[in-house]
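One-letter residues, chain by chain:
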Amino acid sequence: MKNKNIVIFIIALAILGTIGAFVANFHNSNISENISDWGNFGGYIGGTLSLISVVLIYYTYSKQSEMNYRNQFESIFFEMLSRQREISKKACLHYFRHIYHIIKYVHSDRIISPADKKRYIDMIQAEMSDDELFVSFFNVIWWHYKSQKKDYLIWLDTYSFFENLQSSGKWF
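Owing to the predicted nature of the structure, the values given are computational and were not obtained by experimental measurement.

J.: How would you explain the overall build of the protein chain if you had to name every residue and give the values?
T.: Scanning the protein chain for helices and strands turns up six helices and zero strands. Element order for the protein chain, N to C, with α for helix and β for strand: α-α-α-α-α-α. The globule rule puts the C-alpha radius of gyration for 172 residues at 16 Å, and the 29 Å found for the protein chain is more than 25% above it. Within the protein chain, the fraction of its 172 residues that count as buried is 24%.

Printed below as a string of structure tokens:
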């Protein structure tokens, strides 16, 4: 939204600057009947429009680059999530390491907004059963105690990863 406002401001400034410069130079002149004067005027307007088109091309390029980055990010994220489903059927420790790396991938991204990061983390949590969420909770506590590193625990707290953890009566 900020970039869009800047682009609109630059275009408005170019248009007003062009009109202002023209009026300042020719406000006392009569409208010319000479065709070459109109050709020069057309070149003047064309130059202004080319500046505006350069600004619009740059804006389009930056938006397209942003969308390409987001598509690449989502492609990797959903591939990781798909592998997580496969791993959940096989090896327990690998499962927890893989969840850690998916969350780390999302958390450490510098372009995705915090709200979008929360949305991606919520998708990870939504893929987990209550039992998986419960065991993950204790795995994170154990990992935190064992490694004395708080990063992972802080990330999970930031995204309210365990907000849906409920007792089903099976475990506690």
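J.: Talk me through the pattern of salt bridges; I want residue IDs and the actual numbers.
T.: Taken as a whole and assessed by the stated rule, the structure comprises six salt bridges. Residue Arg-70 pairs with Asp-116 through a salt bridge whose shortest N-O separation is 2.8 Å. Taken together, the residues span a long stretch of sequence, with Arg-70 in helix 2 (residues 35–87) and Asp-116 in helix 4 (residues 114–126) at a distance of 46 residues. The shortest N-O distance in the salt bridge between Glu-74 and Arg-119 comes to 3.9 Å. With Glu-74 in helix 2 and Arg-119 in helix 4, this pair connects stretches of sequence that are 45 residues apart. If you follow the salt bridges from partner to partner, you end up with Arg-70, Glu-74, Asp-116 and Arg-119 in one network.

J.: Describe a nonpolar patch on the surface, and please don't skip the residues or the numbers.
T.: Taken together, Ile-15, Ile-19, Phe-22, Val-23, Phe-26 and Tyr-44 make up a surface patch of nonpolar side chains, about 520 Å² in accessible area. Per-element accounting of the nonpolar patch gives the leading share, five residues, to helix 1 (residues 2–26). By the secondary structure assignment, Val-23 is in helix 1. Judged by its relative accessible area of 45%, Val-23 falls in the partly exposed class.

Reading the values: the criteria
Residues numbered from 1 in each chain as written. Predicted model: local features only at pLDDT ≥ 70, side-chain atom pairs only at ≥ 80, totals over all residues. Heavy atoms only, no water. Helix = DSSP H or I, 4+ residues; strand = E, 2+ residues; numbered from the N terminus. Rg over C-alpha atoms; globule rule 2.2 N^0.38 Å. Buried < 20%, exposed > 50% of the residue type's maximum accessible area, 1.4 Å probe, protein only. Salt bridge = Lys/Arg side-chain N within 4 Å of Asp/Glu carboxyl O. Patch = residues over 30% accessible without salt bridge, like charges linked within 9 Å, V, L, I, M, F, W, Y side chains within 5 Å. Areas by Shrake-Rupley, 256 points an atom, 1.4 Å probe, with all protein chains shown as cover.

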